[in-house]
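Each chain, written out:
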There are 2 protein chains.
Amino acid sequence: MPKQILLNAFSMNCVGHQSNGLWRHPRDRSREYTSARHWQELARTLERGLFDGIFLADVTGVYDVYEGSPDAALRAATQIPANDPFSIIPTMSAVTEHLGFGVTGSIPYEPPYAFARRISTLDHLTEGRIAWNVVTGYLDSAARGVGKAVQTEHDTRYEIAAEYMEVVYGLWEGSWEDDAVLVDREAGVFADPSKVHGVNHEGEYFQLKAIHLCEPSPQRSPVIFQAGSSPKGQAFAAAHAECVFIGASSHAATAAHVRGLREQAVAAGRRAEDLKIFAMMAVVVAETDAAAQEKFGDYQSYGLLEGGLALTSGWRGVDLSQFDLDEAPGDVRGNAIQGSGRATESPTVREIAENLVVGGGANVIIGSPSTVADELAGWMEATDIDGFNLAYTVLPECYEEFVELVVPELQARGIYKTGYAEGTLRRKLFGAGDRLPASHPADGYRQR
Amino acid sequence: MPKQILLNAFSMNCVGHQSNGLWRHPRDRSREYTSARHWQELARTLERGLFDGIFLADVTGVYDVYEGSPDAALRAATQIPANDPFSIIPTMSAVTEHLGFGVTGSIPYEPPYAFARRISTLDHLTEGRIAWNVVTGYLDSAARGVGKAVQTEHDTRYEIAAEYMEVVYGLWEGSWEDDAVLVDREAGVFADPSKVHGVNHEGEYFQLKAIHLCEPSPQRSPVIFQAGSSPKGQAFAAAHAECVFIGASSHAATAAHVRGLREQAVAAGRRAEDLKIFAMMAVVVAETDAAAQEKFGDYQSYGLLEGGLALTSGWRGVDLSQFDLDEAPGDVRGNAIQGSGRATESPTVREIAENLVVGGGANVIIGSPSTVADELAGWMEATDIDGFNLAYTVLPECYEEFVELVVPELQARGIYKTGYAEGTLRRKLFGAGDRLPASHPADGYRQR
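Throughout what follows, the structure given in this document is the object of discussion.

1. Considering the interface of chain A and chain B
Next up, step 1: Listed as interface residues are 72 residues of chain A and, on the opposing side, 72 residues of chain B.
Next up, step 2: Across the chain A/chain B interface, buried area totals approximately 5900 Å², and carbon plus sulfur atoms make up 59% of it.
Next up, step 3: Of all residues in chain A, the largest losses of buried area upon contact with chain B belong to Arg117, Arg185 and Phe190 of chain A, amounting jointly to 12% of the total for that side.
Next up, step 4: On the surface where chain A and chain B come into contact, there are 8 salt bridges.

2. Observations concerning the pattern of salt bridges
Next up, step 1: Throughout the structure, instances matching the rule amount to 54 salt bridges over all chains.
Next up, step 2: Arg118 of chain B serves as the salt-bridge partner of Glu110 of chain B, at 2.5 Å between the closest nitrogen and oxygen.
Next up, step 3: Overall, Glu110 of chain B belongs to the buried group, its relative accessible area being 6%.
Next up, step 4: Residues Arg350 of chain B and Asp326 of chain B are paired through a salt bridge, measuring 3.0 Å at the closest nitrogen-oxygen approach. Here Asp326 of chain B lies in the loop between α10 (305-316) and α11 (349-354) and Arg350 of chain B lies in helix α11, a separation of 24 residues in the sequence.
Next up, step 5: If you follow the salt bridges from partner to partner, you end up with Asp84, Glu110 and Arg118 of chain A together with Asp84, Glu110 and Arg118 of chain B in one network.

3. Describing the environment of Gln293 of chain B
Next up, step 1: On the secondary structure map, Gln293 of chain B appears in helix α9 (residues 289-300).
Next up, step 2: As for Gln293 of chain B and Ile365 of chain B, which are separated by 72 residues in sequence, their C-alpha atoms are 9.9 Å apart.

4. Points about the packing of aromatic side chains
Next up, step 1: Enumeration over the complete set of coordinates arrives at 32 aromatic pairs over all chains.
Next up, step 2: Ring geometry for Phe86 of chain B versus Phe115 of chain B: centroids 6.1 Å apart, planes at 90°, classification edge-to-face. You can see Phe86 of chain B sitting in the loop between α2 (71-76) and α3 (88-93) and its partner Phe115 of chain B sitting in helix α4 (residues 112-125), a full 29 residues away along the chain.
Next up, step 3: The class of Phe86 of chain B is buried, set by a relative accessible area of 8%.
Next up, step 4: For the pair Trp132 of chain B and Tyr164 of chain B, a centre-to-centre distance of 6.1 Å together with 50° between the ring planes defines the contact as tilted. Of this pair, Trp132 of chain B sits in strand β4 (residues 130-135) while Tyr164 of chain B sits in helix α6 (residues 154-174); the two residues are 32 residues apart in sequence, bridging distant segments of the chain.
Next up, step 5: An aromatic cluster is built from Phe86, Phe115, Trp132, Tyr164, Trp172 and Phe206 of chain A, whose rings are joined through pairwise contacts.

5. Here we look at helix α10 (residues 305-316) of chain A
Residues and elements named next belong to chain A.
Next up, step 1: Here α10 is 12 residues long and its end C-alpha atoms lie 16 Å apart, about the 16 Å a rise of 1.5 Å per residue gives.
Next up, step 2: For α10, the complete set of buried residues consists of Gly307, Gly308, Leu309, Ala310, Leu311, Thr312, Ser313, Gly314, Trp315 and Arg316.
Next up, step 3: Where α10 is buried, its residues contact α2 (71-76) and α11 (349-354).
Next up, step 4: A positive phi of about 70° marks Gly317, the residue just after α10.

Rules of the game
- Residues numbered from 1 in each chain as written.
- Chains lettered and ligands numbered in written order.
- Predicted model: local features only at pLDDT ≥ 70, side-chain atom pairs only at ≥ 80, totals over all residues.
- Heavy atoms only, no water.
- Contact = heavy atoms within 4.5 Å.
- Buried area = accessible area lost by both parts, 1.4 Å probe.
- Salt bridge = Lys/Arg side-chain N within 4 Å of Asp/Glu carboxyl O.
- Buried < 20%, exposed > 50% of the residue type's maximum accessible area, 1.4 Å probe, protein only.
- Helix = DSSP H or I, 4+ residues; strand = E, 2+ residues; numbered from the N terminus.
- Phe/Tyr/Trp six-rings, centres within 6.5 Å; stacked < 30°, edge-to-face > 60°.
- Expected span 1.5 Å × (residues − 1).

Without other data, these values stay purely geometric and don't point to any function.
Here is the structure:
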């Protein structure tokens with residue numbers, strides 16, 4: 001059987017995640033993000049299309065690098081307003097059975113003790129469908145939300161993250177033994193205290209002496225997602241991540257990126273196949289190639305360039321308003337965290353912003369179901385990725401059309417599942433157990 | 001029309017909240033707390049009974065004062081394991097339309113910027129059904145979860161809480177003006193930046209310079225709950241709370257407590273009726289008084305005394321294992337936060353623990369529907385309270401029976417609603433607007 005494509009929907013609890021301005025499109029309903037019904041309909045659509053998961057990005061801050069103010073982001077609804085991603089998971093899990101939920105949790109903004117509990121609770125409620133996208137934070141505006149003038153320096157953030165992982169692995173994997181919970185009604189013993197252990201962590205950034213508040217959930221540690229592309233970010237992914245999200249500018253560059261990630265995982269004592277690698281992609285599909293191109297042009301016409309400039313200025317940490325729209329700023333990067341997926345030689349500021357309309361910088365595949373399937377299959381074959389992280393364009397029609405038009409085409413080619421596997425998200429993704437494998441560093445925190 | 005009784009179910013995302021050991025009862029299903037279905041069935045039952053809300057207690061720590069160890073609490077499942085209360089709200093709101101959700105948020109365990117966002121998100125998702133029970137924390141074990149050896153001193157905790165309120169009121173009430181969100185598709189302006197303001201707080205305990213990440217939710221500030229009974233706690237309630245939860249040991253003591261709270265609210269510039277006061281109560285009902293007494297005896301026989309001792313040792317901050325079971329320890333209190341509701345002169349340790357089986361120290365009303373209604377009406381008349389906070393005994397039958405047997409009796413007497421009012425939780429409770437009234441201190445944070 002050929003390799004099966006894994007699929008995540010790439011979303012955020014906001015109006016404009018990456019496709020700047022498309023909330024203006026007459027058919028777009030992303031403005032309804034505050035309502036439960038919006039998320040439930042989306043979740044049902046994704047589950048109908050056998051998506052593996054929905055990946056909820058998050059930023060706890062405002063894009064205010066551009067023109068030194070949040071005004072452009074507010075006008076364009078570029079990731080502001082932005083609601084909490086955790087709260088919509090129980091909303092969606094209430095109407096689905098298999099869809100996984102990847103949630104972005106930013107390490108600087110919640111202490112590990114409470115965070116570990118929140119994740120365990122969701123893993124219980126969803127019966128093992130939770131993944132955590134580990135983020136170290138990158139906006140100064142977010143740092144100001146917790147009383148710091150600027151964010152912690154990049155490499156230090158990864159040191160903090162590594163220590164945070166020690167604490168949460170201890171809580172998830174080491175605190176309660178598998179057979180600690182007895183529920184012995186006769187003897188009046190719910191849990192055997194000799195099998196519940198305190199985590200005693202005296203680190204540089206975290207101190208904690210506590211037992212985990214939650215009994216073991218189906219997966220214990222959530223499926224670990226990671227998206228950082230810096231050398232430190234890649235090393236972190238190689239050590240910890242089970243799913244890695246990458247940009248994808250060309251087959252060759254992506255293949256090299258994937259090879260590098262797998263080699264680093266092996267060097268870290270894991271197996272190459274322990275990483276499932278998802279390339280960010282956007283798809284505009286219609287019955288014919290010509291109709292799809294027309295649709296793309298229609299979508300593009302609703303774009304808001306200033307939203308794109310706010311976004312990319314925040315990502316790069318450089319205020320692009322200092323350049324003319326038709327000037328090429330070169331590869332200016334401050335504390336860049338995320339590159340554009342589309343390769344253009346020395347683009348102008350205008351081209352950079354236009355690139356952040358449909359798909360928000362993701363590679364955009366435009367065409368008939370057959371063309372889209374060809375392209376997706378081509379990426380799989382050429383790069384050794386495992387699947388795609390599909391950014392939304394006009395919501396929800398982009399996912400509805402993908403499910404109606406592209407999924408059957410992929411299934412007909414034998415490169416996409418025709419039903420869900422049973423069990424937890426980890427079991428579905430890796431075809432093995434519910435828990436992290438012995439090759440993962442979390443294994444070291446288990447009681448022997 | 002006589003005063004209408006308000007009702008909250010008093011619960012917690014755990015097995016044994018207050019009624020120690022009743023998970024052992026053959027009909028009890030509290031062990032299913034990890035599942036979504038459990039909470040959805042409970043929410044449906046409460047909404048069928050026109051309950052105003054479910055109040056979710058929370059403790060981010062372990063009861064380890066008794067015998068200096070968490071062992072007794074673990075054996076008895078006394079508030080451990082305990083899952084996150086926030087996560088089950090979207091689970092329950094997905095299947096209800098009117099039920100309110102009061103959630104305990106402990107100030108030491110989440111920074112105000114992220115917390116304010118979580119609450120706003122839930123207020124959006126539930127269409128204005130959120131209340132926040134403000135807690136300042138009381139267990140040393142919780143403090144150790146965030147790296148401190150002991151908790152912050154009691155009075156200082158209230159200073160910190162007062163400053164925390166300044167920050168969150170600023171975010172909820174002051175950051176976005178009512179007409180900031182335009183959604184002007186034509187002009188490409190989602191929000192008017194001139195109507196979105198940064199909150200700039202430079203305080204002793206919190207520093208923040210940020211705009212609120214969320215657009216205005218139906219209630220903006222959640223309905224504010226408070227349960228502290230110390231002088232500082234009462235002063236805090238008088239200043240901030242809209243709903244106050246109190247123990248209720250006797251008519252006379254409760255009437256005095258209620259009078260004192262209302263007087264303090266008036267002294268703080270608010271109106272006596274701005275406080276809705278709920279007395280903690282447990283009810284064991286059956287067709288006849290005799291059958292109810294028999295049921296109470298049956299329930300009581302499943303109690304676990306050591307769970308009660310763990311609980312009360314934690315509340316008092318005093319290890320009761322130093323006394324004989326039949327010794328009266330007197331009024332020993334360390335950092336006590338919560339007293340028993342039932343008045344007994346100089347009880348022994350055994351009596352204290354037995355009192356923490358059915359209803360967990362709440363006054364227990366045992367009888368036929370008519371007897372229970374007489375008692376509830378008697379409390380309302382004698383004490384000027386507004387309603388009850390009903391602790392669970394055997395779950396879910398205690399609420400199912402209350403809804404089936406007691407609610408119709410109260411309705412027949414004209415002292416309980418026969419349908420929900422429309423609108424947000426605040427509008428339902430106070431019959432006025434969706435937002436905090438001008439007499440509340442949060443009003444000072446609004447843009448003029």
